[in-house]
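# Commentary on secondary and tertiary structure
The chain contents come next:
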Amino acid sequence: VVLGLVFAVLAVVGLLMGGDEQPGDPEVYDRIGSLTSCAEVQAEFDTASANNAREAPSSELAEATLGYMEAADARLEALGCYG
């Protein structure tokens, strides 16, 4: 239930951010996109989530870590990690 809520919040934030611009470091997105192990992608998500929790809301770093979380979530989905 909590994980579903996190993804719903991520989706809303993604809509609010608009466009195809990805905040943060393009190399992080490339790394996430290149991973083929569900465990490795989940570790990226967990790291981004922990970093996001430490950042001030709406800061550049918070937006970047949220973007990494969204990318990891999309990669987990693409890899079939959810079932």
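Values in this document were obtained by computation on a predicted structure and should not be read as measured data.

## Some points on unusual backbone geometry
Phi at Ser58 is positive, roughly 70°, even though this residue is not glycine. Position of Ser58 among the secondary structure elements: in the loop between α3 (38–54) and α4 (60–79).

## Some details on the state of the cysteines
Taken as a whole and assessed by the stated rule, the structure comprises one disulfide. Shown here is the disulfide that connects Cys38 with Cys81, its sulfur atoms set 1.9 Å apart. Measuring the twist about the S-S bond at about -90°, one finds the Cys38-Cys81 disulfide to be left-handed. Here Cys38, found in helix α3, pairs with Cys81, found in the segment after α4; they are 43 residues apart in sequence, far enough to count as distant.

## Some remarks on the packing of α3 against α4
Where α3 meets α4, the closest approach of the two axes is 8 Å, and the angle between their N-to-C directions is 160°. Considering the angle they form, α3 stands roughly antiparallel to α4. Between α3 and α4 lies a crossing of left-handed hand. Residues Cys38, Val41, Gln42, Phe45, Ala48, Ser49, Asn51 and Asn52 of α3 touch α4, and the partners they reach there are Ala62, Thr65, Leu66, Tyr68, Met69, Ala72, Asp73, Arg75, Leu76 and Leu79.

## Quick word on the environment of Gly24
Mapping Gly24 onto the fold places it in the loop between α1 (2–17) and α2 (26–34). Judged by relative accessible area, Gly24 falls into the partly exposed class, the value being 43%. Between the C-alpha atom of Gly24 and that of Ala64, which follows or precedes it by 40 residues, the distance is 4.4 Å. Ignoring sequence-local partners within four residues, the contact set of Gly24 consists of Ala64 and Tyr68.

Thresholds, definitions, all that
Throughout, a residue's number is its position along its own chain's written sequence, starting from 1. Only residues with pLDDT of at least 70 get local features here, since the model is predicted, and only at 80 or more are side-chain atom pairs given and counted; chain-wide, interface and lining totals rely on the full set of residues. For the side-chain quantities, the full set of heavy atoms in the structure was used; hydrogens and water were omitted. Under the scheme used here, helices are H or I runs from DSSP no shorter than 4 residues and strands are E runs no shorter than 2 residues, and both carry numbers assigned from the N terminus. Two cysteine sulfur atoms make up a disulfide if the distance between them is within 2.5 Å. Note on geometry: axes are lines fitted to C-alpha atoms, helical ones only across the stretch in contact, with angles between N-to-C directions running from 0 to 180 degrees. Orientation categories follow fixed angle ranges, with anything under 35 degrees roughly parallel, anything over 145 roughly antiparallel, 65 to 115 roughly perpendicular, and all other angles oblique. For a crossing to be left-handed, the near helix must be turned anticlockwise from the far one by less than a right angle; the clockwise case is right-handed. It only takes one pair of heavy atoms within 4.5 Å for two residues to be counted as in contact. A simple rule labels every residue: compare its accessible area, found with a 1.4 Å probe on the protein chains alone, to the largest value its type can have, and call it buried under 20%, exposed over 50%, or partly exposed in between.

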